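Spelled out, the chains give:
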Amino acid sequence: MKKRLWKTRAWKALGIVLMSITFLFLYTPIIVILTLSVNSSKRAYSFEQFTLQWYVDVFRDPSITGPIVNTISIAILSTIISTIVGTLFAIGIHSLQKKSRIRMMILNNVPVVNPDIVTGISLMIIFSLLSFTLGFTTVLFAHIFFSIPYVILNVMPRLKRLDPNMYEAALDLGCSRYEAMLKVILPNISTGIIAGGLMAFTMSIDDFVITYFTSGNEYMNVSTWLYAVLGRGQSFTPAAYAYNAMIFAITIAIILFINLKKEKKGKLA
Amino acid sequence: MSKKLIELNDISKSFGDLLVLDHFNLYINENEFVTLLGPSGCGKTTLLRLIGGFESPDEGSIIFDGNIINDLEPHERMINTCFQKYALFPHLNVFDNIAFGLKIKKLPKDEIVSRVTQTLKLVKLEGFEERSVSTLSGGQQQRVAIARAIVNRPKVLLLDEPLGALDLKLRQEMQYELKEMQRQLGITFIYVTHDQEEALTMSDTIVIMNEGKILQIGKPEDIYNEPGNQFVANFIGESNILDGIMKEDFLVEINGKPFQCVDQGFSANEQVEVVIRPEDFEFCDPDATHLVGVVDSLLFKGVHYEINVIVEGREYTIHTTKYRAIGDTVGLSVEPQNIHIMRKSKS
Amino acid sequence: MKRLTRMQIPYRVWMFLFIVIPTLILFVLALTNMNLYQIGAFDLTLDHFAIFSKNEIGIAFWNSFFYSSITTLICFLIGYPVAYYLSTLPNKTRKILVSLMIVPLWSNMLLRIVAWEKVFTADSYFTDLTGISLNLIGTQTAVVIGLVAMYLPFMIFPIFSVLEKMDRSLHEASKDLGATDFQTFVRVTFPLSSSGVISGVIMTMLPAMTSFVLPARLGLGTISLIGNVIESKFMKEVLGSSGMSINEGAVLSLFIMVLSVAAFMMITRVDKEGETLI
């Protein structure tokens, strides 16, 4: 018995050590970014003085406000569109026969598995071929393109968990097809839709590679702007760190909110 | 006296290459409790879905109250369905689940409340209005599903194996309640099941199906006592099915021995199948019968024993309250009215 | 219901436009001397495949293979035990830890790379902040640590999601049948989690193989992966500087695509509908 206990403890210790390493890897850059966002030194060879200057600059410095507005407007638009369209596609795919459903899901997952660079180049090629000018529209299309599969992947398991007769039950009780969708299917897959939308939003706000290949010379989001500045060997305003810290705070708030809401719901049930 | 409510004329339906219903004909009367009974894959659920409007037939017509309803949407039919796994809406509570159809029809609020309350009383779920459906037991969910359908006052209620997920005791209780409900409501129930006991207990009429065809239609007693062929005999209860030769009217030869029976209308020396229910055998003096054998095995089943007796190399299953030990030599007798003669199945 | 299935038809058109057609064009670009901006007559040629004989390409391929393999291996060795440990934790702790692992992914990738640059540069910002002086910038170690830190969560999540769903009674059944803890792991748990492992390996390896900003920044431009070559082949042309060939870029992209198709077939075998991908 003692030996067994010892063994369990050893495995647990290994788990804790590796978990700590994981968090060290994940949070080292975050901490560096957070400290840089309140560091008065622009060149950042050392930590000089605490300042909130950069947080003000996020809204004022024209070199960064442009890319931020671009990033957020693309993220919001592509999230809304890809969530709506992706949900409809998911319902359509779900109602297919098993064989064609699997075939569609395989196709759906191509952009998920494909490295961003290949997706980016493919999109760039098709846009050039259609003689679109690379810019806002092409970036928006690209973001919708890579977000839809994630929305579908999030919605699909919810649909599978639905009783297959749910939709028919609604029709049976007098709903038109449109009503049945609105009143029965959507409320029951809403968590999947929200999760899918959230994922689409994060993928979009964070994207570098695909935006890089589809945005041309003029249109920049935060990532491509940073890359361009770095590529010229210049340094960028620490407002970028402040912007990132704000995103970070919002993220934590969202996660806390979701968890608290879930807990509240759990207690009620 | 009773009037035809639903007629299915020459219905065929296939999914891909699979022919599920093959030129199917059936009519169902008003206020009838009809059970579609058959093994899984026999087409019974498809038939139900055709009546409910979730599928449309490839050929033939479905007539409801004198009108062809082939192309009507589900919500345009005065028919409601109680689904196999209930299909309750998880985002709505008990009251809202039941009120769903009424709200869609935009009935006045007080009427909705009174109808739902009344229906909850009928299914014995008073006080459950605010409960979330996911907190209900299987039996309670079943009742909500039924309530949700009947609150719309359909002319026909379709039930697709509604008791399949319940345990034995609850199932028997619900069988009784469903039958009672059907009587009270005075509406037609079309009930799909693969459980023969359930079918025998509840139905006015049983339709036995296999491979998309009707094998026999009749009252439960008739189907049990006079199965039309070997499949029905096997499907409805345990049976001893023996080869026989019809010597003349009222006389059949089994194992080369003559037995009195009550069937007639076969040609002389026609090969037939003979069905004898296990409970119809009696033990008797071995000298007074043609059937003499040795007890091979014995199981205690509660009300009765199930005894297998080997007679001239063939096993007979007997249900009896009398005990015989393994190895005993026994005689078996059977009354002429309990010997059922069937024409040979083609296969 | 037939009418619902109609809703996925536009998706077919959409995917045909954005997946099938670009792939065909990549083939055309790779096998001909077509110019993307002056589409007209073109001739079949295998000339572009000659880039495989170039030294820099050979090195880039080797680097891609080397760094992605090491990264994937380290991610697996850390990630599997972490995922396993996570799955044994009580529900609440588990949720908090998983959330904490997701949060950093929402920070900008380029800024995270810049932050690592600061960490790996000796006697600079990080030293001032912590007193630790690491002089790793420009080394293999820096690139590997950066890649591991970037892609580790993508190894952990798929494995965790499979382990989390696994029926605990399977462990008990295995032990009941006389297996030790170790045997249970080797014969039951691990084989059952293989779909998560395969997804994890692919979701780590392919992005690591094709990354181009991270190796360039943390390797100080001395370490070139296949992604860097593709980037220069395509972007330089698009952005107007000449001398590079988009057709050669297409050859390399197709090569990556072959790898991802192979990866894809592996995923499809264990997880037809891609449930382990998110």
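The residue count restarts for each chain, going from 1 along the sequence in the order it is written. All chains are assigned letters beginning with A, and all ligands numbers beginning with 1, in the order in which they are written. In keeping with the model being predicted, local features are shown solely for residues with a pLDDT of at least 70 and side-chain atom pairs are shown and tallied solely at 80 or more, while totals for entire chains, interfaces and linings include all residues. Excluding hydrogens and water, the side-chain values take into account all heavy atoms of the structure.

**So, the sheet that holds strand β2 (residues 18–29) of chain B**
Residues and elements named next belong to chain B.
- The strand order across the open sheet formed by four strands is β2-β1-β4-β5, and the pairing between neighbours is antiparallel. The open sheet has two edge strands, β2 and β5 (67–68), and neither has a second partner.
- With eight bridges joining them, strand β1 (residues 4–15) and β2 adopt antiparallel strand pairing. Bridge pairing in β2 links I6 to I28.
- Contact definition: two residues touch when any of their heavy atoms are within 4.5 Å. Axes here mean lines fitted to C-alpha atoms, for a helix over just the part in contact, with angles spanning 0 to 180 degrees between N-to-C directions. Helix numbering and strand numbering both begin at the N terminus, where a helix is a DSSP run of H or I of at least 4 residues and a strand a DSSP run of E of at least 2. In the packing of helix α1 (residues 44–52) onto the sheet, contacts are made with β1, β2 and β4 (59–64), and the angle to β1 comes to roughly 120°. Only strands that DSSP links by at least two bridges are regarded as paired with each other.

**Considering the interface of chain A and chain B**
- Across the boundary between the two partners, chain A contributes 18 residues, which contact 22 residues of chain B.
- Around 1,800 Å² of area is buried between chain A and chain B when both sides are counted, 60% of it from carbon and sulfur atoms.
- The term salt bridge refers to a side-chain nitrogen of Lys or Arg lying within 4 Å of a carboxyl oxygen of Asp or Glu. Applying the counting criterion to the chain A and chain B interface returns two salt bridges.
- In protein, a polar contact requires one atom able to donate a hydrogen and another able to accept it; more generally it is a pair of N or O atoms within 3.5 Å, and residues adjacent in sequence count only if both atoms are side-chain atoms. Where chain A packs against chain B, one counts nine residue pairs in polar contact (both at pLDDT 80 or more). Accessible area, probed at 1.4 Å, shrinks when two parts are joined; the buried area is that loss added up over both.

**Focus: the confidence of the model for chain C**
Residues and elements named next belong to chain C.
- Overall, the predicted model of chain C reaches an average pLDDT of 82, with 90% of residues at or above 70.
- Per-residue confidence from the prediction method is given by pLDDT, with values spanning 0 to 100. The least confident element of chain C is helix α1 (residues 2–5), whose mean pLDDT is 70; the most confident is helix α7 (residues 140–165), at 93.
- Taken together, the stretch residues 240–244 has pLDDT below 50 and engages in five contacts with residues farther than four places along the chain or on a different chain.
- Here the predicted complex carries an ipTM of 0.87, next to a pTM of 0.79.

**Some remarks on the pattern of salt bridges**
All names here are of chain B.
- Applying the stated criterion across every chain, the model contains 25 salt bridges over all chains.
- The shortest N-O distance in the salt bridge between D96 and K103 comes to 3.0 Å.
- One salt bridge in this structure joins K124 and E177, with 3.7 Å as the shortest N-O distance. With K124 in the loop between α3 (109–122) and α4 (138–150) and E177 in helix α5 (residues 168–185), this residue pair connects regions lying 53 residues apart in the sequence.
- Of the residues examined, K124 reaches a relative accessible area of 53% and is grouped as exposed.
- According to the relative accessible area criterion, E177 is buried, its value standing at 12%. Partly exposed residues are those whose accessible area sits between 20% and 50% of the maximum for their type, while under 20% is buried and over 50% is exposed, using a 1.4 Å probe and protein chains only.

**Details of the sheet that holds strand β14 (residues 270–276) of chain B**
Residues and elements named next belong to chain B.
- Spatially, β13-β12-β11-β14-β20 is the arrangement adopted by the five strands of the open sheet, whose pairing is antiparallel. What marks the edges here is a single partner per strand, and that holds for β13 (257–260) and β20 (340–343). Pairwise comparison of adjacent strand axes, ignoring direction, gives a mean angle of 45° for this sheet.
- Here β14 pairs with β20 via four bridges, running antiparallel. Within β20, the position partnered with V275 by the bridge is H340.

**A short note on the pairing of strand β7 (residues 156–160) of chain B**
Residues and elements named next belong to chain B.
- In terms of residue burial, β7 counts as a mostly covered element, since five of its five residues are buried.
- Of the two faces of β7, the one carrying V156, L158 and D160 and the one carrying L157 and L159 are both buried.
- In this structure, strand β6 (residues 79–82) lies alongside β7, joined through four bridges in parallel fashion. Looking at the pairing, I79 lines up with V156 of β7.
- Bridge count for β7 against strand β8 (residues 188–193) is five bridges, and the pairing is parallel. Bridging across to β8, L157 finds its partner in F189.
- When the strands point away from the viewer and the connection leading from the first strand across the helix to the second strand turns clockwise, the crossover is called right-handed. Read as a crossover between parallel neighbours, the route from β7 over α5 to β8 is right-handed.

**Some details on the packing of helix α10 (residues 222–231) of chain A against helix α5 (residues 109–120) of chain C**
- One way to put it is that α10(A) packs onto α5(C) with a least axis distance of 8 Å and a crossing angle of 40°. Classified by the angle between their axes, α10(A) and α5(C) sit oblique to one another. Contact with α10(A), carried on its side by A:S223, A:L226, A:Y227 and A:L230, involves C:L110, C:L111 and C:V114 of α5(C) and no other residues of that element.
- Of the residues assigned to the contact of α10(A) with α5(C), the class counts are six nonpolar, one polar and no charged. An angle below 35 degrees is read as roughly parallel, one above 145 as roughly antiparallel, one from 65 to 115 as roughly perpendicular, and any other as oblique. Only Asp, Glu, Lys and Arg are considered charged in this grouping, and only Ala, Val, Leu, Ile, Met, Phe, Trp, Tyr, Cys and Pro are considered nonpolar; every other residue, Gly among them, is considered polar.

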